[in-house]
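Next come the chains, spelled out residue by residue.
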Amino acid sequence: MPPVFSSRTRRDLAVRHQINERTHGQPQFRGSGLVVWPHDTEQAVLFQRKGGGKLFVSPDYNQSMEQQREMTMKRIGYLLDCGVFEGWLTGKGVESELRKFSFLEVIGMFDHSLAIKIGVHFFLWGGAVQFFGTKRHHEKWLKDTENYKVKGCFAMTELGHGSNVRGIETITTYDSNTGEFVINTPCESAQKYWIGGAANHATHTIVFSQLNIDGKNQGVHAFIAQIRDSDGNVCPNIRISDCGHKIGLNGVDNGRIWFDNVRIPRENLLNSVADVSLDGKYLSAITDPDQRFAAFLAPLTSGRVTIAAAAIYSSKISLAIAIRYSLTRRAFSVSPNGPEVLLLDYPSHQRRLLPLLAKTYAMSFAENYLKMLYVKRTPELIKTIHVVSSAFKATLTWHNMRTLQECREACGGQGLKTENRVGHLKSEYDVQSTFEGDNNVLMQQVSKALLAEYVAAKKRNKPFNGLGLDHMNKSCPVIPSKPTSSTLRSVEFQTNIFCLRERDLLNRFAAEVSQHQGQGESKEHALIVSYQLAEDLGRAFSDRAILQTILEAETTLSAGPLKNILGLLRSMYTLITLEEDAAFLRYGYLSTDTAAAVRKEVAKLCSELRPHALALVSSFGIPDAFLSPIAFNWVDANSWSSVQD
């Protein structure tokens, strides 16, 4: 006898059917280089799993750490055989770089471990050879890196030094008798730590080390060292240990490396910034050690660019899952014997998810801007890229972790199931807050860079011209004391309030640092004790820069529904930032009455965005297979028949 459904259940099933059909069946990933065909047996084993009557692609997290690592390498081997990595390091031009970014983003949607493993090999190891090296390194290493004859890793972080690269303790000296560099780990805190690829697979590494020439420390330099032979045996005078099981990313073999007076050829110094002659003379066109150190680190911004992009895709996945679930899941009724209410029809549920959705849209524009800034980089843009990538990497990864937590809770018990992705993504992406630079340290770097621009402009008595600070040249914005709803949603108000916060905090930060220095404190100590203003200023810079990218996107649209929706998202992003950042009240940019008006406006925006929720998450373009069973027919996904599959 067929099951009997109530009229409400039939309506819910119809909505679930609509959600299932929204993206029109099973995905094909031709544009990304990864094509999933059900009849491809090898690919099915490597990338596919079934769930809830649909096809989903996801790693099997029930596997042991060792199995996950082995599977990561098998997936890389499959992609290599498909020719995916051709031209990743030897190709030229903006299109080539964007294609590489695009593929890494798609891979990251499938498996963070796979994306990180590929990213370490190509962006860190390969990028270091590409940017720190010269022609001799390019000819010897780049093609072999593309085809994985060389498997690279990147040994910068040490047990005792992570963000403070300048303080690393590994020492390299030059032996002029043999024409070799000698790399040594002088103490336990100097062991290279968290080195992705080192524990099992890497054959070579980039070693960041202090360079000692004739007893003089020339600062941090980068060297190529072989750590395994072609058979996978660890090389002499090198010790490697596994970092062990982690809360996520167990498909990446993070390891620790000790160098016991390891000798490498003189040519293995990556010498685009500095070199050592055969007779042991240190050579560099950059005489200032600070500038030389900055030149060494400048090319490494690609890591922050890819991390920011991955964070936003993770947010998109979790929001797509949580919002789709909330459009079919019902709970409680508002009247006796009345129908239960859809989760997303509760104002409180809208308030949990829709501001995060708006922020994700805003940060998606910001991430695209950062990507284009990077691929079109020029020497004049190096400082801007460093500051913007630092700010966006921190802001976007913090946002991602908050989004994942809220979406996990919004999915209730279903959010705990690994197959539903959201809960597991939390542990997979948690590391983003600290790798490629601790977020708090990165934000301090942003504030220091803004302070340097401020001091330089005042010293020259010239207008601000860089890092988006040109608004400092204009008169101070005036914020209305009793803004109306239309005022709160206006571009003028939103731009003014963000610029007012940034300029005031920059003035306050400069004044506080100057005051400490005037009392005889060093600049370094003055910056340390002014950390609270530095934190507020870093966030102000990032928020204003993100808003600017939305406004630029809006200018490309003609008047119509799409522009109206983007205006709602922009207003939600701005107003939720006003509500959540205490700095607006702390420093008096908003009155308590205005803050209350902002809060009411956020609630209105939630109700106005509610009808567009499904369209907005569908517009992310995330293929069905990258989502999870509860994003579709969650009843079928948990039915008795699904247990029998």
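Per chain, residue numbering runs from 1 following the sequence as it is written. Under the rules for a predicted model, residues below a pLDDT of 70 receive no local features and side-chain atom pairs below 80 are neither given nor counted, while totals for whole chains, interfaces and linings still include all residues. To obtain the side-chain values, all non-hydrogen atoms of the structure were included, while hydrogens and water were left out.

- The protein chain carries the name Acyl-coenzyme A oxidase in an unreviewed UniProt entry, which gives Ilex paraguariensis as its organism.
- Under the UniProt heading Subcellular location (unreviewed entry), the entry covering the protein chain gives this text: "Peroxisome".
- The record held by UniProt for the protein chain lists under Catalytic activity (unreviewed entry) the comment "a 2,3-saturated acyl-CoA + O2 = a (2E)-enoyl-CoA + H2O2". UniProt positions are given in the numbering used here, feature names are shortened, and annotations may be inferred rather than shown by experiment.

1. Some thoughts on the overall build of the protein chain
- Scanning the protein chain for helices and strands turns up 22 helices and 15 strands.
- For this measure, only C-alpha atoms enter the radius of gyration; the expected value for a globule follows 2.2 Å times N^0.38, where N is the number of residues. Computed over its C-alpha atoms, the radius of gyration of the protein chain comes to 27 Å, within 12% of the 26 Å expected for a compact globule of 645 residues.
- Principal-axis analysis of the C-alpha atoms gives the protein chain an extent of 90 × 65 × 40 Å.
- Using a 1.4 Å probe on the protein chains alone, a residue whose accessible area is under 20% of its type maximum counts as buried, one over 50% counts as exposed, and one in between counts as partly exposed. Buried positions account for 56% of the 645 residues belonging to the protein chain.
- Excluding contacts between residues fewer than 6 apart, the proportion of contacts in the protein chain whose partners are at least 24 apart in sequence is 73%. Labels follow the DSSP assignment, with helices taken as runs of H or I lasting at least four residues and strands as runs of E lasting at least two, numbered in each case from the N terminus. Two residues form a contact once any of their heavy atoms are found within 4.5 Å.

2. Brief notes about the confidence of the model for the protein chain
- Confidence scores here are pLDDT values: one per residue, from the predictor, ranging 0 to 100. When pLDDT is averaged across the protein chain, the result is 91; 93% of the residues are at 70 or more.
- Between residues 1-17, whose pLDDT stays under 50, and residues either more than four places distant or in other chains, the model counts 15 contacts.
- Between residues 19-38, whose pLDDT stays under 50, and residues either more than four places distant or in other chains, the model counts 47 contacts.

3. Concerning the UniProt feature "domain: Acyl-CoA oxidase/dehydrogenase middle" (unreviewed entry) in the protein chain
- Under the local residue numbering, the UniProt record ascribes the feature "domain: Acyl-CoA oxidase/dehydrogenase middle" (unreviewed entry) to residues 153-262.
- Secondary structure within residues 153-262 divides into 0% helix and 46% strand; the distance between the first and last C-alpha atoms comes to 17 Å.

4. Examining the nonpolar core
- The term nonpolar core refers to a set of buried residues drawn from Ala, Val, Leu, Ile, Met, Phe, Trp, Tyr and Cys, joined through side-chain atoms within 4.5 Å. Counting residues in each nonpolar core, the largest one holds 186 residues, and the members touching the most others are Leu-79, Phe-85, Ile-118, Ile-206, Phe-208 and Ile-323.
- Excluding anything up to four places from it in sequence, Phe-208 contacts Phe-132, Phe-154, Ala-155, Met-156, Glu-158, Ile-168, Thr-170, Lys-192, Val-220, His-221, Ala-222 and Leu-300.

5. Some points on the UniProt feature "domain: Acyl-CoA oxidase C-terminal" (unreviewed entry) in the protein chain
- The UniProt feature table records "domain: Acyl-CoA oxidase C-terminal" (unreviewed entry) at residues 494-627.
- As annotated, residues 494-627 comprises 78% helix and 0% strand, and the C-alpha atoms at either end are separated by 34 Å.

6. Some words on the sheet that holds strand E6 (residues 192-196)
- Any two strands with at least two DSSP bridges between them are considered paired. Pairing in this open sheet of 3 strands is antiparallel, and the strands run E6-E10-E9 from one edge to the other. Edge positions in the sheet fall to E6 and strand E9 (238-242), since each has one partner strand and no second. On average, each strand axis in the sheet is inclined to that of its neighbour by 35°, with strand direction left out of account.
- Looking at chain direction, E9 and strand E10 (residues 254-259) are connected through 5 bridges and run antiparallel. Looking at E10, one finds that Asp-242 is bridged to Gly-255. Working convention: axes come from line fits to C-alpha atoms, limited for helices to the stretch in contact. Angles between N-to-C directions cover 0 to 180 degrees.

7. Focus on the environment of Val-276
- Within the secondary structure, Val-276 is located in strand E12 (residues 274-276).
- Note: C-alpha distance between Val-276 and Ser-64 (212 residues apart in sequence) is 46 Å.
- Those residues in contact with Val-276, other than ones at most four positions away along the chain, are Tyr-174, Phe-181, Leu-211, Ile-213, Arg-266, Leu-269, Lys-281 and Tyr-282.

8. Here's the deal with the packing of helix H10 (residues 382-410) against helix H12 (residues 439-460)
- Packing of H10 against H12 brings their axes to within 9 Å, and their N-to-C directions diverge by 145°. Every pair of crossing elements has a handedness; the one defined by H10 and H12 is left-handed. On H12, the residues that touch Lys-383, His-386, Val-387, Ser-390, Ala-391, Lys-393, Ala-394, Thr-395, Thr-397 and Trp-398 of H10 are Asn-439, Asn-440, Leu-442, Met-443, Gln-445, Val-446, Ala-449 and Glu-453.
- Polar here means any residue other than Ala, Val, Leu, Ile, Met, Phe, Trp, Tyr, Cys and Pro, which are nonpolar, and Asp, Glu, Lys and Arg, which are charged; Gly is therefore polar. Taken together, the residues that form the contact of H10 with H12 break down as 8 nonpolar, 7 polar and 3 charged. Should the near helix be turned anticlockwise from the far one by less than a right angle, the crossing is left-handed, and should it be turned clockwise, the crossing is right-handed.

9. Considering the pattern of salt bridges
- Throughout this description, the term salt bridge denotes a Lys or Arg side-chain nitrogen within 4 Å of a carboxyl oxygen of Asp or Glu. Under the defined criterion, the tally for this structure stands at 36 salt bridges.
- With a closest N to O distance of 2.9 Å, Asp-260 and Arg-239 form a salt bridge. Of the two residues, Asp-260 is situated in the loop between E10 and strand E11 (262-265) and Arg-239 in strand E9; the sequence distance between them amounts to 21 residues.
- Salt-bridge contacts for Arg-501 lead to Asp-543; the nearest nitrogen and oxygen are separated by 2.8 Å. Of this pair, Arg-501 sits in helix H14 (residues 491-518) while Asp-543 is found in helix H16 (residues 531-554), placing the two residues 42 residues apart along the sequence. Asp-543 carries the same exposure label as Arg-501, and that label is buried.
- A single network of salt bridges, built from pairs that share partners, joins Arg-489, Glu-601, Lys-604 and Glu-608.

10. Describing the state of the cysteines
- Cysteine sulfur atoms that pair up within 2.5 Å are treated as a disulfide. Evaluated as defined, the whole model comprises 0 disulfides.
- Summary of cysteine pairing: Cys-187 is not part of a disulfide, and the nearest cysteine sulfur, belonging to Cys-243, is at 17 Å.
- Owing to a relative accessible area of 29%, Cys-187 belongs among the partly exposed residues under this scheme.
- No disulfide involves Cys-476; its nearest neighbouring cysteine sulfur is the one of Cys-499, lying 10 Å away.
- Cys-476 sits in the partly exposed class, given a relative accessible area of 43%.

11. What about unusual backbone geometry?
- The phi angle at Leu-249 is positive, at roughly 60°, despite the residue not being glycine.
- If you trace the backbone, Leu-249 turns up in the loop between E9 and E10.
- Even without being a glycine, Asn-461 presents a positive backbone phi close to 55°.
- Summarising the element assignment, Asn-461 is placed in the loop between H12 and helix H13 (485-488).

12. Some words on the packing of aromatic side chains
- Centres within 6.5 Å are what make two rings of Phe, Tyr or Trp a pair, Trp counting through its six-membered ring; a difference in plane orientation under 30 degrees is then read as stacked, over 60 as edge-to-face, and the rest as tilted. This structure, assessed with the given rule, holds 25 aromatic pairs.
- Judged by centre distance (5.9 Å) and plane angle (65°), the rings of Phe-47 and Tyr-78 are edge-to-face. In this pair, Phe-47 is assigned in helix H2 (residues 41-47) and Tyr-78 in helix H3 (residues 65-81), connecting sequence segments 31 residues apart.
- In this structure Phe-47 comes out as buried when scored by relative accessible area, which is 1%.
- A relative accessible area of 9% means that Tyr-78 is categorised as buried.
- Where Phe-85 meets Phe-103, the ring centres are 6.4 Å apart and the plane angle is 85°; that geometry is what we call edge-to-face. Of this pair, Phe-85 sits in the loop between H3 and helix H4 (94-110) while Phe-103 is found in helix H4, placing the two residues 18 residues apart along the sequence. We note that Phe-85, like Phe-103, is buried.

13. Quick notes on the side chain of Arg-266
- Secondary-structure assignment places Arg-266 in the loop between E11 and E12.
- By relative accessible area, Arg-266 is classed as buried at 16%.
- For Arg-266, the residues in contact, after removing those within four places along its chain, are Arg-136, Tyr-174, Gly-179, Glu-180, Phe-181, Asp-275, Val-276, Ser-277 and Leu-278.

14. Focus: helix H9 (residues 347-375)
- Over its 29 residues, H9 extends 42 Å from the first C-alpha to the last, a length consistent with the 42 Å expected when each residue adds 1.5 Å.
- The reported bend at a residue is simply the angle between two axes, fitted to the 7 residues ending at it and to the 7 residues beginning with it. At Leu-353, H9 is bent by approximately 25°, the largest bend along its length, and proline Pro-355 sits one to four residues beyond.
- The element H9 is extensively covered by neighbouring structure, given that 21 of its 29 residues are classed as buried. The length a helix should cover is 1.5 Å for every residue beyond the first.

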